[in-house]
Amino acid sequence: MGESYFAIIGDIVSSRREEKRDAVQKRLEEVLNRINEEFSDHIAANFLITLGDEFQGLLYDAPGISPLRIALTILDQMYPVRIRIAIGRGTMSTAINRMQALGADGEAFHRARSGIELIRANERHADSSILVCSCDEGCDRAVNTIIMLAFTIRRGWTSRQGEISRRYAESQFSGERITQSQLANEFGISQSTFNISLTASNAREYASGLLAAQAILSEGIPEKQSSDCSEKR
């Protein structure tokens, strides 16, 4: 079996209804360029816009690679523009051009493409979405359920709660060594006010859930231990 990769395909929800479509597309291009630069070591083929409102990129499948973090970064940096993203895991059948993912093909992209079509067909909310499609049905079910619950939390945020919660989640994903006091200072508020916002928005639960989803995606679902609670009684 060949080397495994993560393919990411995304598009803008209802892009034809965007009043400033050219500006949105330019913004998307800028975001993808930042992704290519910031996550250069993770990327097998650079992200680029392919069909006007659609984009794609290819990541290595290796320890430390976080496709979910990259997908969330794109969603957050494009907010409030609504984005759909599918992450496909699998092998590649074509040569990989590091400078761009255009023309790349293989299991990873087939699964990502199926994921995007599934989101479009079953979309119940005009909101951003992420769906993972790999060869592990159990892993996909666990990860996608966590993502669905996380986005249920996300939909309840006020504008200000969203700003604070997205920044907090990013600090957790990146492993950034920053205190809550420093994060509060970024928003010009006290630490107590910052903590109140995190509690009201369930931002800690949101971030913890997505970190757990990323761990499952990277490492799989842990096997059942040989002992259980009944044996410890």
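Visitor: Kindly report on the sheet that holds strand E4 (residues 83-91), identifying the contributing residues and their values.
Guide: A sheet is described by the order of its strands in space; here 5 strands give the open sequence E2-E3-E1-E4-E5, paired in mixed fashion. If you trace the sheet from one side to the other, it starts and ends with strand E2 (43-49) and strand E5 (129-133), each paired once. Neighbour-to-neighbour, the strand axes of this sheet turn through a mean angle of 15°, independent of strand direction. Direction of pairing for strand E1 (residues 4-12) relative to E4: antiparallel, over a ladder of 9 bridges.

Visitor: Lay out helix H5 (residues 159-174) in plain terms, naming residues and giving numbers.
Guide: For H5, built from 16 residues, the straight-helix expectation of 22 Å at 1.5 Å per residue is met to within 8% by its first-to-last C-alpha distance of 23 Å. Restricting attention to buried positions, one finds in H5 the residues Gln 161, Gly 162, Ile 164, Ser 165, Arg 166, Arg 167, Tyr 168, Ala 169, Ser 171 and Phe 173. Where the residues of H5 are buried, they touch helix H2 (67-78), helix H4 (137-155), helix H6 (180-186), helix H7 (191-200) and helix H8 (203-219). One or two steps after H5, the chain reaches Gly 175, where phi turns positive at roughly 70°.

Visitor: Quick one: what's the story with the packing of H2 against H4, residue by residue and with numbers?
Guide: Helix-helix packing is characterised by the crossing angle of the two axes and by the distance between the axes. As a packed pair, H2 and H4 sit with axes 14 Å apart at the nearest point and diverge in direction by 25°. By the angle between their axes, H2 is roughly parallel relative to H4. Two packed elements cross with a definite hand, and for H2 against H4 that hand is right-handed. Seen from H2, the contacting residues are Leu 68, Leu 72, Leu 75 and Asp 76; seen from H4, they are Ile 147, Phe 151 and Arg 154. Across the contact of H2 with H4, the residue classes tally to 5 nonpolar, no polar and 2 charged.

Visitor: Summarise the packing of aromatic side chains; cite the residues concerned and give the values.
Guide: Scanning the entire structure with this criterion turns up 3 aromatic pairs. Ring centres 4.8 Å apart and planes at 70° place the aromatic pair Trp 157 and Tyr 206 in the edge-to-face group. Here Trp 157, found in the loop between H4 and H5, pairs with Tyr 206, found in helix H8; they are 49 residues apart in sequence, far enough to count as distant. As far as burial versus exposure is concerned, Trp 157 and Tyr 206 are alike and both buried. Ring geometry for Phe 187 and Phe 194: centres 6.4 Å apart, planes at 35°, overall tilted.

Visitor: Tell me what's going on with the environment of Ile 130, and back it up with residues and numbers.
Guide: By the secondary structure assignment, Ile 130 is in strand E5. For the pair Ile 130 and Ile 147, spaced 17 residues apart in the sequence, the C-alpha separation amounts to 7.2 Å. Not counting chain neighbours up to four residues away, the residues in contact with Ile 130 comprise Leu 68, Ala 71, Leu 72, Leu 75, Ile 85, Ile 87, Asn 144, Ile 147 and Phe 151.

Scoring rules and cut-offs
Residues numbered from 1 in each chain as written. Predicted model: local features only at pLDDT ≥ 70, side-chain atom pairs only at ≥ 80, totals over all residues. Heavy atoms only, no water. Pairing = 2+ DSSP bridges. Helix = DSSP H or I, 4+ residues; strand = E, 2+ residues; numbered from the N terminus. Axes fitted to C-alpha atoms, helices over the stretch in contact; angles between N-to-C directions. Expected span 1.5 Å × (residues − 1). Buried < 20%, exposed > 50% of the residue type's maximum accessible area, 1.4 Å probe, protein only. Contact = heavy atoms within 4.5 Å. Parallel < 35°, antiparallel > 145°, perpendicular 65-115°, else oblique. Left-handed = near helix turned anticlockwise from the far one by under 90°. Nonpolar A, V, L, I, M, F, W, Y, C, P; charged D, E, K, R; others polar. Phe/Tyr/Trp six-rings, centres within 6.5 Å; stacked < 30°, edge-to-face > 60°.

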